[in-house]
Number of protein chains: 2
Amino acid sequence: MRASIALDDPARRAWAYLSRVVEPPCHELAALVGCVGPIEAADRVRRGLVDDDLARRTEARREIDHVADDLELLARRGGRLITPDDDEWPVLAFRAFGGALARAKPRTGPPLVLWALGPARLDEVAQRAAAVVGTRAATAYGEYIAADLAAGLTGHDVAVVSGGAYGIDGAAHRGALESDGITAAVLAGGLDIPYPAGHSALLHRIGQRGLLFTEYPPGVRPARHRFLTRNRLVAAVAGAAVVVEAGLRSGAANTAAWARALGRVVAAVPGPVTSSSSSGCHALLRHGAELVTRAEDVVEFVGRMGELADDQPRPGTPLDRLTDVQRQVYEALPGRGAATIDEIAVSSGLAPAQVLGPLSLLEVAGLVTGSDGRWRIIRTGPDQAAAQGSAARLV
Amino acid sequence: MRASIALDDPARRAWAYLSRVVEPPCHELAALVGCVGPIEAADRVRRGLVDDDLARRTEARREIDHVADDLELLARRGGRLITPDDDEWPVLAFRAFGGALARAKPRTGPPLVLWALGPARLDEVAQRAAAVVGTRAATAYGEYIAADLAAGLTGHDVAVVSGGAYGIDGAAHRGALESDGITAAVLAGGLDIPYPAGHSALLHRIGQRGLLFTEYPPGVRPARHRFLTRNRLVAAVAGAAVVVEAGLRSGAANTAAWARALGRVVAAVPGPVTSSSSSGCHALLRHGAELVTRAEDVVEFVGRMGELADDQPRPGTPLDRLTDVQRQVYEALPGRGAATIDEIAVSSGLAPAQVLGPLSLLEVAGLVTGSDGRWRIIRTGPDQAAAQGSAARLV
């Protein structure tokens, strides 16, 4: 019903026209639409009444009018256009393209309009999503981790966004679908061009149960530069980008770079150092990506876009990062004074041999200090924060 | 010959007596020796003419005199005492026990004296060494990495220090020995008590070709607290401590904590997130340990003790951390202006498809910036350092 309205709606027809007339993203066109609205913008472009830059960008396609065909095809498949005028437009997710990023990368920006198919709403997906991406040349290890991570994320009501490619992307989508979770695939071509062809059935399932979307109108074929452009949308609609496996030359690092540029958390899963499919992940970890080993690690990074700062103050306290056993040991330490390993074992209920490892990691984290076989908590009061800062560097 | 002199030398006899009279480390005894020298200190302890604290610490053993037996056993095996009076004493390595650490952990300190066996000189080992440590419950992956890392380190004239235990320690020692490198095992008991018994032959080989040393006199059996005390020496004589595999409850984290406390680099090797033997490594990496995947990564952290700050300014520039391919791509970028992927491919000699991954990682590292398919270097002049700081956070 939405689709049948769209066929006659002049604004929708204008959006559809504008979506094809330039290769996205095009900040000149976005600026014009921002000033005069889509209908007037489409009219001016069609008649060539635009400034030189935009005239050059639209020259080749301004006389092409596929609008009726495009909207009919979309309606036939049960899809929809998502425009900035719609409630479904993920305003907060795309806000990250403004501000400092717009100054640093003036030639990028949010999509003009999105072609979408599937029951999931994009604004709801973007409120709580993680991108799970990686190399097409995945190992069995990587595919297992991607599927397991995706299943775990959906178990925490986190939607799994990826690029629909072979390897890690496909495993992530499948893991989410198999646990009845929401998954979204961002395409680098039109909705009617399933790519890669071997994933036609998978993409069909995602369109039936999750969400397929793209900034390209029907018939546009994926090309190298479109994958790069598409990656910014994978990063934008997710609170965190997790690279599961990537070689040093993998394009997955491009999605990670977009995530960082957009202020999203970049995370990577480590793997065997003997596996070249994990070397890109290790390189990302060296450059400051968060190390994640399970869905719970990712969930803590995924907040509601724009509310992140309120919901989850970051950087959190070191205590937030403890494992259960570490916390058990930490909490077994006396509030005042020190305790021996045996005393800590008794109060924690762990065997003495199980206490030492956690204690040492707590010491590395600057939370406890041991001396002469006795261990005590390092307290951080408001006026001790500076002191603990130096203790944490020391210990 | 050194050994036969030792039997008659009153200072050596005093050191040998002092080595057994307390359970090390004992800062009260170290302070007394520092004030009056070993001969006078031994005499006062023997006669009980010391303050209450030291009297209590030495009460149980002050009448035990094994000096002649100990020194004869040492001479018979071809070993030696290493004392602070000897050239071989690693002054710079043990200096780290002073200063802030001495104030934070007053009840620890350098060893009083060391019992040693083997052709390698401790001062030379400590000038350029890495500790390679980990769990006894190692996997085949961990043992392979430990041996390979150790072999690679010795190929760069880095000595491999470890604890002689089953699992990672043993694999590291073996890897060093098999590539004719220097390896040192720090024992938690006397030189005459090979521990674990299953490593008798390995420890024997280390004593013949590398170095065995311990602060415990002959006959002392390893005990749990002695492993912890021993770990501080493993950390102290190496410029970096590398944890190859460790469970969350592994004692290897204790060596890492000592390394951090002593101002050494703490590094860890990642592994499959499905392997509990790598979870301790992943926890260390989350807490700031350096991620290493091969010997070359470790070599850059291992300087000559005390000269590290001069030889290798740290933190280094981000350029220091590039892989060969990343550097190749970085250097293919024009000095001024921007280049497309295809232009970078031509000047780097790489295929266009090989350029993107490295470029994205360079972007994550804040070294280059891409916009609209064109890439440029981000320059850091003295007055642009602050600007790049914020760019690196942004991108």
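Figured I'd write up the structure that's included with this text. Along each chain, residue indices are assigned from 1 in the same order as the chain's sequence is written. As they are written, the chains are lettered A onward and the ligands numbered 1 onward, keeping that order. Totals for whole chains, interfaces and linings use all residues, but because this is a predicted model, local features are given only for residues with pLDDT of at least 70 and pairs of side-chain atoms are given and counted only at 80 or more. Only hydrogens and water are set aside; all other atoms, that is, all heavy atoms of the structure, feed into the side-chain values.

1. Things to note about the packing of aromatic side chains
To keep things clear, this is the line we draw: Here a Phe, Tyr or Trp ring, Trp counted by its six-membered ring, pairs with any other such ring whose centre lies within 6.5 Å, and the pair is stacked when the planes are under 30 degrees apart, edge-to-face when over 60, and tilted otherwise. Here the term buried applies to any residue with accessible area under 20% of the maximum for its type, exposed to any over 50%, and partly exposed to those in between, with areas from a 1.4 Å probe on protein chains only. Helix and strand assignments come from DSSP, with helices taken as H or I runs of at least 4 residues and strands as E runs of at least 2, each series counted from the N terminus. The rule is short: NZ of Lys or CZ of Arg within 6 Å of the ring centre and within 35 degrees of the ring normal puts a charge over the ring.
Enumeration according to the criterion identifies six aromatic pairs over all chains in this entry. On the basis of an interplanar angle of 70 degrees and a centroid distance of 5.1 Å, the ring pair of Trp89 of chain B and Phe94 of chain B is categorised as edge-to-face. The same class applies to Trp89 of chain B and to Phe94 of chain B, which are both buried. Ring geometry for Tyr195 of chain B against Phe227 of chain B: centres 5.7 Å apart, planes inclined by 50 degrees, an arrangement best described as tilted. Taken together, the positions of Tyr195 of chain B in the loop between β5 (183–186) and α11 (200–209) and Phe227 of chain B in helix α12 (residues 224–236) put the pair 32 residues apart, joining distant regions of the chain. Of note, Arg46 of chain A hangs over the ring of Tyr17 of chain A, and the distance from its end group to the ring centre comes to 4.2 Å.

2. Things to note about the pattern of salt bridges
Residue and element names in this part refer to chain A. For clarity, the threshold we go by: By salt bridge we mean one thing: a side-chain nitrogen of Lys or Arg within 4 Å of a carboxyl oxygen of Asp or Glu.
A complete count under the given rule lists 32 salt bridges over all chains for this structure. Its salt-bridge partner being Asp9, residue Arg12 comes within 3.6 Å of it at the nearest N-O pair. The salt bridge involving Glu40 is made with Arg44; its shortest N-O contact spans 2.9 Å. With a gap of four residues between them, Glu40 and Arg44 both fall in helix α3 (residues 27–46), about one helical turn apart. What makes Arg44 partly exposed here is its relative accessible area of 28%. A network of salt bridges, in which partner residues are shared, links Asp9, Arg12 and Asp86.

3. Topic: the interface of chain B and chain A
Defined as follows: Any two residues whose heavy atoms approach within 4.5 Å at even a single point are treated as in contact. Buried area is understood as the total, over both parts, of accessible area removed when two parts are fitted together, assessed with a 1.4 Å probe.
Facing the 61 residues of chain B at the interface are 60 residues of chain A. For the chain B and chain A pair, buried surface summed over both sides reaches about 5300 Å², with 64% attributable to carbon and sulfur atoms. Among the residues chain B hides against chain A, the three largest losses belong to Arg249, Val273 and Arg286 of chain B. Together they make up 14% of the total. Run the count over chain B and chain A and you get two salt bridges. It is helix α19 (residues 352–364) of chain B that contributes the most residues to the side of chain B that touches chain A, ten residues altogether.

4. Quick look at the relation of the copies chain B and chain A
Selection criterion: What sets the superposition is a least-squares fit of C-alpha atoms, and only residues with pLDDT of at least 70 in both copies go into it.
The operation relating chain B to chain A is a screw motion whose rotation component is 180 degrees, with 0.1 Å of axial translation and a residual RMSD of 0.1 Å. Interpreted geometrically, this transformation is the action of a two-fold axis. Rotation axis and chain B: the residue whose C-alpha lies nearest the axis is Gly271 of chain B, separated from it by 2.3 Å. Interface overlap between copies is the fraction of interface residues in one copy that are interface residues in the other; for chain B against chain A it reaches 98%, indicating a shared surface.

5. Quick word on the sheet that holds strand β9 (residues 290–291) of chain A
Residues and elements named next belong to chain A. As a reminder, the rule being used: The pairing criterion for strands is at least two bridges between them, as found by DSSP.
Taken in spatial order, the nine strands of this open sheet run β1-β2-β6-β5-β4-β3-β7-β8-β9, and their pairing is mixed. Unpaired on one side and paired on the other, β1 (80–82) and β9 mark the two borders of the sheet. Two strands pair when backbone bridges link them, and strand β5 (residues 183–186) and strand β6 (residues 211–214) are joined in this way by three bridges, in the parallel orientation. Residue pairing in the sheet places Ala184 in a bridge with Leu211 of β6.

6. Digging into the pairing of strand β4 (residues 159–162) of chain A
Residues and elements named next belong to chain A. Our working definition: Think of it like this: strands point away, you trace from the first strand over the helix to the second, and a clockwise trace means the crossover is right-handed.
Neither face of β4 is left uncovered, since the one carrying Ala159 and Val161 and the one carrying Val160 and Ser162 both have all their residues buried. As paired elements, strand β3 (residues 129–133) and β4 share three bridges and run parallel to each other. Looking across to β4, one finds that Ala131 is bridged to Val161. This β-α-β element, β3 to helix α9 (residues 140–155) to β4, shows right-handed connectivity. Relative to β5, β4 runs parallel, the two sharing three bridges. Residue pairing in the sheet places Val160 in a bridge with Thr183 of β5.

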